[in-house]
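The residues making up each chain are set out below.
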Amino acid sequence: MHKLKLWLTVAVLCVVAGVAAGCGRSVADQDALAHAKKTNTIVWGVKADTRLFGLMNTKTGKIQGFEVDMANALTKQVLGKSAKATLVQVTSDTRVPMLKGGNLDAVIATMTITPERQKVLDFTDSYFKAGQSLLVKKGSKIKSIKDLTAGTKVIGVQGSNSVDNVKKAAPATTVLQLADYAQAFTALKSGQGDALSTDNGILYGMSQQDPDYVVVGGTFTKEPYGIALNKGQTNLRKALNKALQELRADGTYEKLINKWFSDIPGFDIKEVA
Ligand code: GLU
């Protein structure tokens, strides 16, 4: 009798919790597209430390950049004109745990589609073709990845694959990892490293902010950016891929690429789209 009571209690609790949490499934497991349609929003992880892509404007409190504009345009394309994107700040280090934890529907945050990441996440088609490069102080002896020998120090950001790429391409150099790109650039400016390495677009954003720092040596990797989703979110992935195609076809995509990247000296926008 006692056992039966216990069993019933567990069953009732399961029903109550099930209604609240999608019947034992975490938010990350629910159909993200169906949920987005119900709430008329897509919850996006965006950068807030990365000029040109996603940067917090401290005066307005708004995050601005190419990826923010893309998140807004994609949300409306998928859900309709009245829908609004919900933006949540992520860093290179927090984006995967936040997505997997069910806090986000999608991540549009300078994230390269890599085979390792594809083991745990799904990606849409690529929306931006970056490549890794180096940022140095004007006049630096470092001109390319070949100059990163023993005795040099390179600054990178935790959770980015740029750090692994540097270790592969220049195994003798020391790598200093910081929490985000704002801190990484501050560290370069205060002389904590000889170069900062990540994708060219991100580095051009820093160079735009402070022209005393320049991008050198071209690119030494290919970094196609994709929108990351939880594994199995096929409906949302397909809807976003369709929306990406539509935004390319109707000229919105090109307009946004031009808005953010057309007047960056040295940056070839024909290569990224
Ligand atoms: N695209 C690289 C990556 O996904 C570097 C940029 C970043 O840290 O977001 O890791």
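Going by the structure above, here's the rest.
Residues numbered from 1 in each chain as written. Predicted model: local features only at pLDDT ≥ 70, side-chain atom pairs only at ≥ 80, totals over all residues. Heavy atoms only, no water.

**Some words on the packing of aromatic side chains**
Thought 1: Under the counting rule described, the total for this entry stands at 14 aromatic pairs.
Thought 2: Judged by centre distance (6.2 Å) and plane angle (70°), the rings of Phe66 and Tyr253 are edge-to-face. Linking Phe66 in helix α3 (residues 66-79) with Tyr253 in helix α10 (residues 252-261), this pair joins segments that are 187 residues apart in sequence.
Thought 3: On the basis of relative accessible area, Tyr253 is assigned to the buried category, the value being 5%.
Thought 4: With a centroid separation of 5.6 Å and an interplanar angle of 70°, the aromatic rings of Phe66 and Phe261 are classed as edge-to-face. Of this pair, Phe66 sits in helix α3 while Phe261 sits in helix α10, placing them 195 residues apart in sequence. For the pair Phe66 and Phe261, a shared accessibility class is recorded, and that class is buried.
Thought 5: The ring centre of Phe185 lies 4.3 Å from the NZ or CZ of Lys189, which sits over that ring.
Thought 6: For the cation-ring pair, Arg248 lies above Tyr253, with the distance from its terminal atom to the ring centre recorded as 4.3 Å. (Phe/Tyr/Trp six-rings, centres within 6.5 Å; stacked < 30°, edge-to-face > 60°. Helix = DSSP H or I, 4+ residues; strand = E, 2+ residues; numbered from the N terminus. Buried < 20%, exposed > 50% of the residue type's maximum accessible area, 1.4 Å probe, protein only. Lys NZ or Arg CZ within 6 Å of the ring centre and 35° of its normal.)

**Structural notes on the site of the ligand**
Thought 1: Neighbouring the ligand are 16 residues, the closest being Ser92, Thr110, Thr112, Tyr181 and Asp199.
Thought 2: At 2.8 Å from an oxygen atom of the ligand is found a side-chain nitrogen or oxygen belonging to Arg117.
Thought 3: Asp199 is positioned such that a nitrogen or oxygen atom in its side chain is 2.6 Å from a nitrogen atom of the ligand.
Thought 4: For the shell around the ligand, the residue count by class is five nonpolar, seven polar and four charged. (Near = heavy atom within 4 Å. Polar contact = N/O pair within 3.5 Å; in protein donor to acceptor, adjacent residues only side chain to side chain. Nonpolar A, V, L, I, M, F, W, Y, C, P; charged D, E, K, R; others polar.)

**With respect to the sheet that holds strand β4 (residues 62-64)**
Thought 1: Here three strands make up an open sheet; going across it, the order is β2-β3-β4 and the pairing antiparallel. Looking at strand neighbours, the two that pair on one side only are β2 (49-50) and β4, the edges of this open sheet. (Pairing = 2+ DSSP bridges.)

**A few points about the pattern of salt bridges**
Thought 1: A full pass over the atoms with the stated rule returns four salt bridges.
Thought 2: With a closest N to O distance of 2.7 Å, Asp69 and Lys259 form a salt bridge. Of this pair, Asp69 sits in helix α3 while Lys259 sits in helix α10, and the two are 190 residues apart along the sequence.
Thought 3: Residue classification places Asp69 among the buried residues on the basis of a relative accessible area of 17%.
Thought 4: Linking Asp210 and Lys189 is a salt bridge whose minimum nitrogen-to-oxygen distance equals 3.9 Å. (Salt bridge = Lys/Arg side-chain N within 4 Å of Asp/Glu carboxyl O.)

**Looking at the side chain of Ser197**
Thought 1: Relative to the helices and strands, Ser197 is located in strand β11 (residues 195-199).
Thought 2: Filtering out sequence-adjacent residues up to four positions away, Ser197 remains in contact with Gln132, Ser133, Leu134, Val154, Ile155, Gly156, Ser162, Val166 and Phe220. (Contact = heavy atoms within 4.5 Å.)

**What about the packing of α3 against helix α9 (residues 234-249)?**
Thought 1: As a packed pair, α3 and α9 sit with axes 9 Å apart at the nearest point and diverge in direction by 110°. Accordingly, the angle class assigned to the pair α3 and α9 is roughly perpendicular. Contacts between α3 and α9 pair Met70, Ala73, Leu74, Gln77 and Val78 from the former with Ala239, Leu240, Ala243, Leu244, Glu246 and Leu247 from the latter.
Thought 2: The residue inventory of the contact of α3 with α9, partitioned by class, reads nine nonpolar, one polar and one charged. (Axes fitted to C-alpha atoms, helices over the stretch in contact; angles between N-to-C directions. Parallel < 35°, antiparallel > 145°, perpendicular 65-115°, else oblique.)

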